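# An overview of the molecular structure
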Amino acid sequence: MSNSELNGFLGCAYISGQLLTCLGTEFHRGAGVLDVFYETPSLLLSCGYDTYIRYWDIRTSTRKCVQEWEEPHDSALYCIRSDKNHMIASGSSYYGVVRLWDKRQTQCLQSFHLSSPTSSPVYCLRFSTTHLYAALASALHSLDFTAP
């Protein structure tokens, strides 16, 4: 594939591959980001080793996030997703913990412990208003929110 075909394939957002900006400037060493979820071209969520979920609005600032939530048990966060409205789901590094968050609140709404008796990170998750799927080391877990 030629460069012009590749540029067309990737869409108009990809023009030259140049770094536009770097989000956050004062993270401590080891606070690496493990996942990013884009809600819109200017709104995104990030999570990682430092146990925080961060909500970024690059129209406002690239130095500081506009909101953050801390994982209450000091676990690294491997993955994050949003419904692009108010809900966030995060996957923890220990015991298959998935947490549901409401952006309008400061603490998590609910948590699910999917890994027992051995500990496994939540490597990947997807959710909707009716279901949540979480990939752990030994299984793909499915939660049904419509069941009584």
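Look a little higher up for the structure.
Keep in mind the model is a prediction, meaning the values are calculated, not measured.

What follows covers empty space enclosed by the protein. In total, this model carries 1 cavity of 30 Å³ or more according to the counting rule given. Size it by volume and the largest cavity reaches roughly 50 Å³. Along the walls of the largest cavity sit Phe 27, Ala 31, Gly 32, Val 33, Ser 46, Cys 47, Gly 48, Asp 50, Tyr 52 and Arg 54, which together make up its complete lining. Residue composition of the lining of the largest cavity, by class: 5 nonpolar, 3 polar and 2 charged.

Let us now look at the nonpolar core. In this structure, Ala 89, Val 98, Leu 114, Val 122, Leu 125, Leu 132 and Ala 134 are the most contacted members of the largest nonpolar core, which totals 13 residues. Apart from residues no more than four positions distant in its own chain, Val 98 is found in contact with Ser 90, Gln 110, Ser 111, Phe 112, Leu 114, Val 122, Leu 125, Leu 132 and Ala 134. Formed by 11 residues, the second largest nonpolar core is a distinct cluster that contains Phe 37, Leu 43, Leu 77 and Ile 80.

This next bit is on the sheet that holds strand 8 (residues 110-113). With antiparallel pairing, the 4 strands of this open sheet are ordered in space as 5-6-7-8. The strands lining the two open edges of the sheet, one partner per strand, are strand 5 (77-82) and strand 8. On average, each strand axis in the sheet is inclined to that of its neighbour by 20°, with strand direction left out of account. Two strands pair when backbone bridges link them, and strand 7 (residues 97-102) and strand 8 are joined in this way by 4 bridges, in the antiparallel orientation.

One non-glycine residue, Lys 84, lies in the positive phi region at around 65°. Secondary-structure assignment places Lys 84 in the loop between strand 5 and strand 6 (87-92). Unusually for a residue other than glycine, Tyr 95 sits at a positive phi of about 60°. Note that Tyr 95 resides in the loop between strand 6 and strand 7.

Time to look at the layout of surface pockets. Rolled over the atoms, a probe with the dimensions of a water molecule shows which regions are left empty. In this structure, the second largest pocket encloses a volume near 170 Å³. Here the lining of the second largest pocket is composed, by residue class, of 3 nonpolar, 2 polar and 5 charged.

To continue, consider the state of the cysteines. With the rule as written, the count across this model stands at 0 disulfides. Counting only cysteine sulfurs, Cys 79 is the nearest neighbor of Cys 47, a cysteine outside any disulfide, at a range of 6.6 Å. Taking relative accessible area as the criterion, Cys 47 reaches 2% and is therefore assigned buried.

Turning next to the environment of Ser 46. Considering the arrangement of structural elements, one finds Ser 46 in strand 2 (residues 43-48). Taking the C-alpha atoms as reference, Ser 46 lies 6.7 Å from Val 33; in sequence the two are 13 residues apart. Non-local contacts of Ser 46, meaning those with residues more than four positions away in its chain, are made with Val 33, Asp 35, Val 36, Tyr 52, Ile 53, Arg 54, Trp 56 and Ile 80. There is a polar contact of 2.9 Å between the side chain of Ser 46 and the side chain of Trp 56.

Moving on to the sheet that holds strand 10 (residues 131-135). Taken together, the 3 strands give an open sheet; going across it, the order is 9-10-11, and neighbouring strands pair in antiparallel fashion. Only two strands of the sheet have a single partner each, and these edge strands are strand 9 (124-127) and strand 11 (140-144). Taken pair by pair, the neighbouring strands of this sheet meet at an average axis angle of 10°, ignoring direction. Taken together, the 5 bridges between strand 10 and strand 11 define a ladder with antiparallel strand orientation.

About the criteria used
Residues numbered from 1 in each chain as written. Predicted model: local features only at pLDDT ≥ 70, side-chain atom pairs only at ≥ 80, totals over all residues. Heavy atoms only, no water. 1 Å grid on protein atoms, 1.4 Å probe; cavity = no way out; pocket = protein on both sides within 12 Å on 5 of 7 lines; lining within 4 Å. Points joined across faces, edges and corners; volume = space filled by probe spheres on them. Nonpolar A, V, L, I, M, F, W, Y, C, P; charged D, E, K, R; others polar. Core = buried A, V, L, I, M, F, W, Y, C linked by side-chain atoms within 4.5 Å. Buried < 20%, exposed > 50% of the residue type's maximum accessible area, 1.4 Å probe, protein only. Contact = heavy atoms within 4.5 Å. Pairing = 2+ DSSP bridges. Helix = DSSP H or I, 4+ residues; strand = E, 2+ residues; numbered from the N terminus. Axes fitted to C-alpha atoms, helices over the stretch in contact; angles between N-to-C directions. Disulfide = S-S within 2.5 Å. Polar contact = N/O pair within 3.5 Å; in protein donor to acceptor, adjacent residues only side chain to side chain.

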